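Remarks on the overall topology
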Amino acid sequence: MYDYDLLVVGSANADLVIGVDRRPGAGETVLGSDLAVHPGGKGANQAVAAARLGARTALLAKVGDDGHGRLLLDAQRAAGVDTVGVLVGDVPTGVALITVDPSGDNSIVVSPGANGRLTPGDVRAATSLFHASRVVSTMLEIPLETVVEVVRNLTPDSRFVLNPSPPRPLPREVLDACDPLIVNEHEAKVILGSACVSDDPEDWARILLAKGPRSVVVTLGAEGALVASKEGVTRVASVAVDVVDTTGAGDAFTAALAYRLGAGAPPAEAAAYAARVGAAAVTKAGAQESYPTAEEVAAL
């Protein structure tokens, strides 16, 4: 019996958000809305999204001993996430600077802060969390060597989910463990590199699968998603909603997919559920505060 449906190993940031009529070009200054500060970071976002859906969730992350760190810890606990794995260090909490335009699209610059100090040693010290977790999810807002150590500490029966964001080439050891590797169009092209010889997302999914992952999911925004495994490639439809803010929607998708896969749902069914969760998230402003409960997803 697992204590947790999902263990998220990853980043925790304070999101500093400004609304703009349009995002500035090089050397340009634009006026924006009042600054809003929200709890964020891909790891913290995934943990809250899963917990809101009813998953028993734990977070392994590092924050600073500052106001942003306390904001993040309070948000995790309020959502029902177990924060036993959240470490408090003597460096600033990570910060994301986010601009959001009227269409809901965003641009993000991240200062890693304490996230960059989440070390392989921290992962090894949290072995008990890995043994207690059905699924382990991570991303690349923490050091790559820490992600490699996550893979090395997986139990034989646990499932590993990776969203390689921000994208970079991945070692074969990490790729081989992914079930699934979850990428958007930009991330797929970066990881494929010179192997990206097609404009067809189905080809991306097949080529990525050949690089080692046990399964691959390619998210395509309004076009839905593709699920690829040795059984073939399946397209999952999107859900039409009025978009308010896309910040954190990909994290909600990843968390929901990981949770449903851990519960035994077939990949295409899990991805369809995750698409509904992601759709619900973009109908509200912000990241964590936009994440739906299971009841809200069912209503959608």
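These numbers come from a predicted model, not from an experiment. (Residues numbered from 1 in each chain as written. Predicted model: local features only at pLDDT ≥ 70, side-chain atom pairs only at ≥ 80, totals over all residues. Heavy atoms only, no water.)

A separate point is the overall build of the protein chain. Scanning the protein chain for helices and strands turns up 11 helices and 13 strands. For 300 residues, the compact-globule formula gives about 19 Å, and the C-alpha radius of gyration of the protein chain, at 18 Å, lands near that figure. The principal-axis extents of the C-alpha atoms in the protein chain amount to approximately 50 × 45 × 40 Å. Every one of the 300 residues in the protein chain was classed for burial, and the buried ones make up 55%. Across the protein chain, contacts joining residues at least 24 apart in sequence account for 65% of those joining residues at least 6 apart. Carbon and sulfur atoms form 52% of the exposed surface of the protein chain, whose accessible area is close to 12600 Å². Across the protein chain, the 24 positively charged side chains and the 36 negatively charged ones have centroids separated by 5 Å. (Helix = DSSP H or I, 4+ residues; strand = E, 2+ residues; numbered from the N terminus. Rg over C-alpha atoms; globule rule 2.2 N^0.38 Å. Buried < 20%, exposed > 50% of the residue type's maximum accessible area, 1.4 Å probe, protein only. Contact = heavy atoms within 4.5 Å. Areas by Shrake-Rupley, 256 points an atom, 1.4 Å probe, with all protein chains shown as cover. Lys, Arg positive; Asp, Glu negative; His and termini not counted. Charge placed at Lys NZ, Arg CZ, Asp CG, Glu CD.)

Glancing now at the packing of helix H1 (residues 42–52) against helix H9 (residues 249–262). Two elements in contact, H1 and H9, have axes whose closest approach is 8 Å; the angle formed by their N-to-C orientations is 55°. Considering their axes alone, H1 and H9 lie oblique with respect to each other. The element H1 and its partner H9 pack so that their crossing is right-handed. Two secondary-structure elements touch here, H1 through Lys42, Asn45, Gln46, Ala49 and Ala50 and H9 through Asp251, Ala252, Thr254 and Ala255. Grouping the amino acids of the contact of H1 with H9 by side-chain chemistry returns 4 nonpolar, 3 polar and 2 charged. (Axes fitted to C-alpha atoms, helices over the stretch in contact; angles between N-to-C directions. Parallel < 35°, antiparallel > 145°, perpendicular 65-115°, else oblique. Left-handed = near helix turned anticlockwise from the far one by under 90°. Nonpolar A, V, L, I, M, F, W, Y, C, P; charged D, E, K, R; others polar.)

Bringing the pairing of strand E13 (residues 232–236) into the picture now. As defined by bridge partners, strand E12 (residues 225–229) adjoins E13 across 5 bridges and the pair is classed as antiparallel. Residue leucine 226 lies in a different strand from E13, and its bridge partner there is arginine 235. Once E12 ends, the chain turns through 2 residues before running back antiparallel as E13. (Pairing = 2+ DSSP bridges.)

This next bit is on empty space enclosed by the protein. Overall, the coordinates contain 2 cavities of 30 Å³ or more when judged by the stated rule. Each pocket or cavity is described by its volume, and for the largest cavity that value is around 40 Å³. Lining the largest cavity are Ala12, Ala44, Leu59, Ala61, Val63, Leu72, Leu73, Gln76 and Val86. At the level of secondary structure, the elements contributing two or more residues to the lining of the largest cavity comprise strand E4 (57–64) and helix H2 (67–79). (1 Å grid on protein atoms, 1.4 Å probe; cavity = no way out; pocket = protein on both sides within 12 Å on 5 of 7 lines; lining within 4 Å. Points joined across faces, edges and corners; volume = space filled by probe spheres on them.)

One pass over the full model with this rule turns up 0 aromatic pairs. Its end group placed over the ring of tyrosine 273, arginine 260 keeps NZ or CZ at 5.5 Å from the ring centre. (Phe/Tyr/Trp six-rings, centres within 6.5 Å; stacked < 30°, edge-to-face > 60°. Lys NZ or Arg CZ within 6 Å of the ring centre and 35° of its normal.)

Taken in spatial order, the 4 strands line up as E3-E2-E6-E7 in an open sheet, and their pairing is mixed. Where the open sheet ends on each side, the last strands, each with one partner, are strand E3 (36–40) and strand E7 (106–111). Between one strand axis and the next, the sheet turns through 25° on average, direction left out of account. By the bridge criterion, 5 bridges tie strand E2 (residues 13–19) to E3 in an arrangement that is antiparallel. Counterpart to valine 17 in the pairing with E3 is alanine 36. Packed on one face of the sheet, H2 meets E2, E3 and strand E6 (94–100) and runs near 55° to E3.

Moving on to the pattern of salt bridges. Overall, the coordinates contain 13 salt bridges when judged by the stated rule. Residues arginine 70 and aspartate 65 are paired through a salt bridge, measuring 3.5 Å at the closest nitrogen-oxygen approach. Residue classification places arginine 70 among the partly exposed positions, given a relative accessible area of 47%. What emerges from the salt-bridge pattern is a single network uniting Glu202, Asp203 and Arg206. (Salt bridge = Lys/Arg side-chain N within 4 Å of Asp/Glu carboxyl O.)

Leu53, Leu59, Val217, Phe253, Leu257, Val277 and Tyr291 are the most contacted members of the largest nonpolar core, which has 46 residues in total. Looking at this core, the elements that each hand over two or more residues are strand E1 (4–9), H1, E4, H2, strand E8 (133–139), E12, H9 and helix H10 (267–281). Per-element accounting of this core gives the leading share, 8 residues, to H9. With 41 residues, the next largest nonpolar core counts Leu7, Ala58, Phe160 and Leu162 among its residues. (Core = buried A, V, L, I, M, F, W, Y, C linked by side-chain atoms within 4.5 Å.)

This next bit is on helix H8 (residues 201–210). Pro201, Trp204, Ala205, Leu208 and Leu209 are the residues of H8 that are buried. The arc that holds the buried residues of H8, viewed along the axis, is 130°, so those residues lie on one side. Looking at the packing, one finds that the buried side of H8 touches strand E10 (178–183), helix H7 (185–192), strand E11 (216–219) and E12. The distance from a side-chain oxygen at the start of H8 to the backbone nitrogen of glutamate 202 is 2.9 Å, and the residue carrying that oxygen is aspartate 200. Among the residues trailing H8, glycine 212 stands out with phi positive, at a value near 135°. (Arc of directions from axis to C-beta. Polar contact = N/O pair within 3.5 Å; in protein donor to acceptor, adjacent residues only side chain to side chain.)

The peptide bond linking serine 165 to proline 166 adopts the cis configuration, its omega dihedral lying at -5°. Relative to the helices and strands, proline 166 resides in the loop between strand E9 (159–163) and helix H6 (172–177).

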